[in-house]
Amino acid sequence: MSETAVLSIDRLNKHFGGIVAVKDLSFEVQAGEILGLMGPNGAGKTTLLNMIAGTYSPSSGRVNFCGRDITGLPAHKLCHLGIARTYQIPQPFTSLSARQNILVATKYGGKKAAGMEHDKIFDLVNLSEQKDMLARDLATVSLKRLELARALASNPTLLLLDEVAAGSTDAELPRILGIIEEIRKMGKTVVLVEHVMKVMVEAVDRIIVIDKGEKIAEGTPGEVMKDEKVIAAYFG
Amino acid sequence: MKIPRLTTLASLAVLVVLALFPVIGIPLSWLNYLFTFFICLALANMWNLLAGYTGLICLCPHAFVGLAGYTLAIGSWVGVPFQAGLIAGAAVAALFALLISFPVFRMRGIYFAIGTLILPEALKAWFNYWRPVGNVYQGMGAGYSVTGVEGVTLGDTFWLGLAIAAASIFLVHIILRARLGLGLTAIRDNENTAASAGVNVFRLKLYSFLIAAFIMGIAGAAYYIYSPRINPVGGFNISWLLLPLMATVIGGEGLEEGPIIGAAIVTFLRFLLADYGAWSLFIQGIILLVVVVVMPQGIAGLLRQVGAYRFPLRLFQAVEGRIHENVK
Ligand SMILES: Nc1ncnc2c1ncn2[C@@H]1O[C@H](COP(=O)(O)OP(=O)(O)O)[C@@H](O)[C@H]1O
Ligand SMILES: [Mg+2]
């Protein structure tokens, strides 16, 4: 394991009954890197994020975060250590306002969360106009941004983003790319799960492609797009 | 709308007037009904804290009430004064909550509800044969009378009930405005997201559970100072669950004023239906059903929807404005 790795996954497995959702997966993410994670639906991307963030514990394998073994730690501890995630299907606190939603992360995210300014976060994700609305009254697009805002509010070292661009129109993509660029400037390490190719190609440093829980390709966006196994997994 | 300070003042005025009731010659039957209202209110407030704000459908208030009542009663037989027995009863209820939290918090939603429902039944069976001290009263099961409360007047228990009810309202008010309240609401809305945002879900649920068990225990013990006989069927009676449940749901779950309105209605119904015995529960059940169907957010929810609080709040604001002007 290299010394600058923020996240290091070692032969991770996850079974659900007979289904193998993630199989013998190993990779590393360096400090400040933005890693893209691709794969067809059901490939195991969300399951992988769930294991890193502590929502599921792995069937076997290790997860290291900043040199520390975090395998099987509960989600709230991982948040305190500096891992934040968004949910693919937004999971807001429905009865709370957008502002209160991210206040939860500020108040409970540990010491490091105290420095984050809400107004800046809302500005960044373009949710300033709606911050006093109840989450249950927000449209899905806004809820996706709220996911991002909540994840940022705990001021994480590692950010796990699960399809934040899905469902956005082409016109909205520059904005999302801009947000990711800002997050990069904050010095955060990011694992980005995404289907939208434009986001992948423009925002990430490196891509890992998984299919049926297994890694099938790894490299720069340019390399991966030409890989035959990847083409087969997506179009075959 | 900003809540005018006069609202606090008005609440305090109500509290003072109620506190004067025993000394200004209010009919005793009123004091009795108001006492049951206070106990029901304290229980309902705590049930609302669990169901309405923490997302825990707790079906074992009768475990907390019964345990606290038995602690008071048994304590009174070994020389514990009832004041200490009251606190001890609440502490035992909270201790019981702590012990069961580890298994029951593993269950979610309906499983949690069913898990808690079994507990009072087990306790009832246990207290049917467990008799550590004292004499059986009137030969009924493992009943106990509470000794050492002969000098306690109806006025005294009235004040005790009033203090407990007021404390329960104040406590919920404080919790909801504190960090704890935000965390509990987050858990109620979405446990997974709460955990992802750094909330220690188990610990916060436990806090809420312990607070509720303690206050429910103290309310239960207060009832057995007022009516100093306890047996397993009475102490662990399911009506200790139904009372706060109905009050909360009819009044408005997850709304601060809900249990207050609900407890008043449930107590008033008890008064109206006092002569109808078993029919009373049936009629209350029907009312509950109607409320659930017609007003999913309870009466408080409906009042908020139609803006019923707007007028009194405006009135208070206007009065407050006048006072400020005159002071200048
Ligand atoms: N909680 C679960 N229980 C059972 N099976 C699951 C669960 N979560 C995911 N799976 C299964 O694991 C596989 C991978 O799912 P997922 O990680 O959601 O894929 P992706 O995010 O790449 O689309 C799928 O076959 C899915 O049905
Ligand atoms: Mg997914």
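Residues numbered from 1 in each chain as written. Chains lettered and ligands numbered in written order. Predicted model: local features only at pLDDT ≥ 70, side-chain atom pairs only at ≥ 80, totals over all residues. Heavy atoms only, no water.

Now for the pairing of strand E4 (residues 60-65) of chain A. One face of the sheet, then the other: side chains in a regular strand alternate in exactly this way. Residue and element names in this part refer to chain A. Sheet topology note: the strand E1 (residues 5-16)/E4 ladder contains five bridges and is antiparallel. Residue pairing for E4: Leu7 is matched across the bridge by Phe65. Bridging between E4 and strand E5 (residues 68-69) involves two bridges; their strand directions are antiparallel. Each residue of the ladder has a partner; that of Phe65, found in E5, is Arg68. Once E4 ends, the chain turns through two residues before running back antiparallel as E5, passing Cys66 with a positive phi of about 50 degrees. (Pairing = 2+ DSSP bridges. Helix = DSSP H or I, 4+ residues; strand = E, 2+ residues; numbered from the N terminus.)

Residue and element names in this part refer to chain A. Each protein donor to the magnesium ion (ligand 2) is listed here as Thr46 (OG1) and Gln88 (OE1); together their distances run 2.0 to 2.1 Å. With Thr46 in helix H1 (residues 45-53) and Gln88 in the loop between strand E6 (83-85) and helix H3 (98-108), this pair connects stretches of sequence that are 42 residues apart. Look at Thr46 and you get partly exposed, because its relative accessible area is 26%. (Donors = N, O, S within 2.8 Å, 3.2 Å for Na, K, Ca; no water. Buried < 20%, exposed > 50% of the residue type's maximum accessible area, 1.4 Å probe, protein only.)

The interface is formed by 21 residues belonging to chain A together with 19 residues belonging to chain B. When the two sides are added together, the surface that chain A and chain B hide from each other amounts to roughly 1,700 Å², 62% of it contributed by carbon and sulfur. Contact with chain B buries surface across chain A, with A:His76, A:Phe93 and A:Tyr108 losing the most and accounting together for 39% of the total. Counting every contact that joins chain A to chain B gives zero salt bridges. For the pair chain A and chain B, the interface holds 11 residue pairs in polar contact (both at pLDDT 80 or more). Listing elements by their share of the side of chain A that touches chain B, those giving two or more residues are helix H2 (75-81) and H3 of chain A. Per-class residue counts for the side of chain A that touches chain B are 10 nonpolar, eight polar and three charged. (Contact = heavy atoms within 4.5 Å. Buried area = accessible area lost by both parts, 1.4 Å probe. Salt bridge = Lys/Arg side-chain N within 4 Å of Asp/Glu carboxyl O. Polar contact = N/O pair within 3.5 Å; in protein donor to acceptor, adjacent residues only side chain to side chain. Nonpolar A, V, L, I, M, F, W, Y, C, P; charged D, E, K, R; others polar.)

The next subject is the site of ligand 1. Residues and elements named next belong to chain A. Close to ligand 1 lie Phe16, Ala21, Pro40, Asn41, Gly42, Ala43, Gly44, Lys45, Thr46, Thr47 and Tyr56. Within the side chain of Thr46, an N or O atom sits 2.7 Å from an oxygen atom of ligand 1. Thr47 has a polar side-chain atom sitting 2.5 Å from an oxygen atom of ligand 1. For ligand 1, the protein covers 64% of the area, taking 560 Å² as the surface of the free molecule. Looking at the shell around ligand 1 element by element, the count peaks at three residues for H1. Residues belonging to the shell around ligand 1 are distributed by class as follows: five nonpolar, five polar and one charged. (Near = heavy atom within 4 Å. Areas by Shrake-Rupley, 256 points an atom, 1.4 Å probe, with all protein chains shown as cover.)

Residues and elements named next belong to chain B. Here Gln317 shows up in helix H15 (residues 310-327). In this structure Gln317 comes out as partly exposed when scored by relative accessible area, which is 33%. When the C-alpha positions of Gln317 and Leu6 are compared, they lie 7.8 Å apart, and in sequence the two are 311 residues distant.

What follows is about the sheet that holds E4(A). Residues and elements named next belong to chain A. Strand order in the open sheet formed by four strands is E2-E1-E4-E5, with antiparallel pairing between adjacent strands. The open sheet has two edge strands, strand E2 (19-30) and E5, and neither has a second partner. By the bridge criterion, eight bridges tie E1 to E2 in an arrangement that is antiparallel. Looking at E2, one finds that Leu7 is bridged to Val29. Taken strand by strand, H1 contacts E1 and E2, and its axis lies near 120 degrees from that of E1. (Axes fitted to C-alpha atoms, helices over the stretch in contact; angles between N-to-C directions.)

Glancing now at the nonpolar core. Of all hydrophobic cores here, the largest spans 143 residues; its most connected members are A:Val104, B:Phe64 and B:Phe209. When residues in this core are grouped by element, the largest group, 16 residues, is from helix H2 (residues 28-51) of chain B. Setting aside residues up to four positions removed in sequence, B:Phe64 forms contacts with B:Cys58, B:Ala93, B:Phe96, B:Ala97, B:Phe209, B:Ala213, B:Met216 and B:Gly217. In this structure, A:Val6, A:Leu35, A:Leu49 and A:Leu160 belong to the second largest nonpolar core, which totals 27 residues. (Core = buried A, V, L, I, M, F, W, Y, C linked by side-chain atoms within 4.5 Å.)

Our next topic: the pattern of salt bridges. Residue and element names in this part refer to chain A. The tally for this structure, following the rule as stated, stands at 20 salt bridges over all chains. A salt bridge links Asp211 to Lys212; the shortest N-O distance between them is 3.6 Å. Accessibility expressed as a relative area gives 17% for Asp211, which makes it buried. According to the relative accessible area criterion, Lys212 is exposed, its value standing at 62%. Look at the salt bridges and you will find they share partners, linking Glu33, Arg206, Lys215 and Glu218 into a network.

Residue and element names in this part refer to chain B. Relative orientation of the contacting elements helix H3 (residues 61-77) and helix H4 (residues 82-104) amounts to 140 degrees, with a least axis distance of 8 Å. Looking at the two axes, H3 sits oblique to H4. The way H3 lies across H4 gives a crossing that is right-handed. Every residue of H4 that contacts H3 at Ala63, Phe64, Leu67, Ala68, Thr71 and Leu72 is listed here: Phe82, Gly85, Leu86, Ala88, Gly89, Ala90, Val92, Ala93, Phe96 and Ala97. (Parallel < 35°, antiparallel > 145°, perpendicular 65-115°, else oblique. Left-handed = near helix turned anticlockwise from the far one by under 90°.)

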